[in-house]
Amino acid sequence: MIEAVGLTKRYGDKTAVYNLSFQVRPGAVTGFLGPNGSGKSTTMRMILGLDNPTSGHVTISGHPYRKLPNAARQVGALLDAKAVHGGRAARNHLLSLAQLSGIPARRVDEVLGVVGLQEVARRRSKGFSLGMGQRLGIAAALLGDPQVLLFDEPVNGLDPEGIHWVRNLMKALAAEGRTVFVSSHLMSEMALTADHLIVIGRGQLLSDMSVKDFISANSADFARVRTPDSEPQLREKLTSALTEAGGHVMSEQDGALRVAGLALPRISDIAHGSDVRLWELSPHQASLEEAYMRMTQGAVDYRSTADQKAGLQQPLPPGAQPPMPVPGQGQPGWYAPPPPQQGSQPFPPPQGAPGQAPAGPYGAPAAPGAAPGGPPANPYAAQTPQTPQAPQPQQAPAPVTAPPGAAPSPTPPPPPSAAPVTDPTKSEDAR
Ligand SMILES: Nc1ncnc2c1ncn2[C@@H]1O[C@H](COP(=O)(O)OP(=O)(O)OP(=O)(O)O)[C@@H](O)[C@H]1O
């Protein structure tokens, strides 16, 4: 298990990670998500002892990485696939790592087979494609047959077959009881691979829950209802009846209705009571990507100006930052329709995730200045409006009736002798 408690990392004035606490448990693939620059790599580097936290601490199986006995046999990591000596043959690269950690040479050939590089094992890695480099990095991570594995963007550059292979590999490693912590920007891939998600934004914890709960907590479930196309008056009749019953009804482009705030059986009863025939009544839930976008919208630092033109982002006044999302609640009113009001969800969220991060020991970052004796004041607090000014939905369908709810750390020392088997190499400063 990996356990971070109050991790904070500052580079001069820049706070890369702030008061981050979470656990990564064995037997599951835990996805580590966050927008560019949110602090994922910095966190992974602190886990691996390659960067020192400014405050807080992180342990693997109860020990800081540097104090782990025979760390290379216990922890494997892929941080930067390009961090290899390009003039060295792939096999020799792995052999040198194996020798440093007392791993027998036959294991090198084993892992070359696992990642499918046996045919090119004697080729210099500088001629490798991005995907081949990723495979070599994964081979290095697996070398010590470790119980704990960290992968930073492991599918970067892989072809669809390679992505599929990595997905199955991660799942198989977790199924063997290992701890698998993987960062990725590919939401569709994470949805298929991860069991649990840790989401950060601007260095702070935004969410720590299962993929299923994350989607439920950050998306607005709704029902799609279709009345006979040939009888538009039935649609109007149903819209009035549903609205009267407290539902939020929106019109989709194809003529169907999107109904939030009423359970499916209730919609059915109302339709029946109004003598309206239905052609469709189906539950809908957002994808992980939609839920993620909604959750992290306020924590995105780098965004194309084209997003505004495309209506994906409300223009902000010069110098203003979008509001940080509320942990477990995300960004109201963006990308997906706002969630129905509490108590009126059409499809009740899973237990323990009623639109909020679970109340675990490390559920949410401390409110600015709220924790006596806690970490220093939230460096983002000054930039973050207390009351988020939610942008208006841009993508939501048009309402048919009333709108819904009318201290700088020193340069990190070199990795310890029992470095992660992938040789994560350079310090962040040297990049
Ligand atoms: N050595 C360093 N010196 C100064 N700032 C740094 C250093 N390393 C990271 N940062 C800053 O810390 C923040 C977090 O960076 P980090 O690389 O951890 O983010 P990330 O979530 O991994 O980003 P990405 O998804 O783009 O890989 C960024 O603003 C980055 O510029």
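For the structure, check the block above.
Structural notes, computed from the coordinates.

Rules of the game
Residues numbered from 1 in each chain as written. Predicted model: local features only at pLDDT ≥ 70, side-chain atom pairs only at ≥ 80, totals over all residues. Heavy atoms only, no water. Core = buried A, V, L, I, M, F, W, Y, C linked by side-chain atoms within 4.5 Å. Buried < 20%, exposed > 50% of the residue type's maximum accessible area, 1.4 Å probe, protein only. Contact = heavy atoms within 4.5 Å. Salt bridge = Lys/Arg side-chain N within 4 Å of Asp/Glu carboxyl O. Helix = DSSP H or I, 4+ residues; strand = E, 2+ residues; numbered from the N terminus. Pairing = 2+ DSSP bridges. Axes fitted to C-alpha atoms, helices over the stretch in contact; angles between N-to-C directions.

1. A word on the nonpolar core
No. 1: Counting residues in each nonpolar core, the largest one holds 53 residues, and the members touching the most others are L94, L117, I138, F151, L197, V199 and F214.
No. 2: Look past the residues within four positions of F151 in its chain and what remains in contact with it is M44, L78, I138, A141, M170, L173, V180, F181, V182 and S183.

2. Some details on the pattern of salt bridges
A side chain with one charge can pair with a side chain of the opposite charge if their charged atoms come near.
No. 1: Under the definition given, this model contains 15 salt bridges.
No. 2: In this structure, the salt-bridge partner of E161 is R135, at a minimum N-O distance of 3.2 Å. Separated by 26 residues along the polypeptide, E161 in helix α6 (residues 160-175) and R135 in helix α5 (residues 130-142) bring together distant segments of the chain.
No. 3: Residues R224 and E252 are paired through a salt bridge, measuring 2.3 Å at the closest nitrogen-oxygen approach. Taken together, the positions of R224 in strand β10 (residues 222-226) and E252 in the loop between β11 (248-251) and β12 (257-260) put the pair 28 residues apart, joining distant regions of the chain.
No. 4: Each of R224, R226, D229, E252, D254, R258 and E280 takes part in one network of salt bridges that share partners.

3. Things to note about the sheet that holds β12
No. 1: Strand order in this open sheet of four strands is β11-β12-β10-β13, and the pairing throughout is antiparallel. The open sheet has two edge strands, β11 and β13 (280-284), and neither has a second partner. Recorded for the sheet is a direction-independent mean angle of 25 degrees between the axes of neighbouring strands.
No. 2: As paired strands, β10 and β12 are joined by three bridges and run antiparallel to one another.

4. Digging into the sheet that holds strand β9 (residues 204-210)
No. 1: One open sheet accounts for six strands, arranged β5-β6-β7-β3-β8-β9; its pairing is mixed. Strands at the two margins of the open sheet, each flanked by one partner only, are β5 (75-78) and β9. The average angle at which neighbouring strand axes cross in this sheet is 15 degrees, direction not considered.
No. 2: With four bridges joining them, β5 and strand β6 (residues 148-152) adopt parallel strand pairing. When the bridges of β6 are listed, L78 appears paired with F151.
No. 3: Helix α11 (residues 288-296) rests against β3 (28-33), β8 (196-201) and β9 of the sheet, and its axis sits at about 30 degrees to β8.

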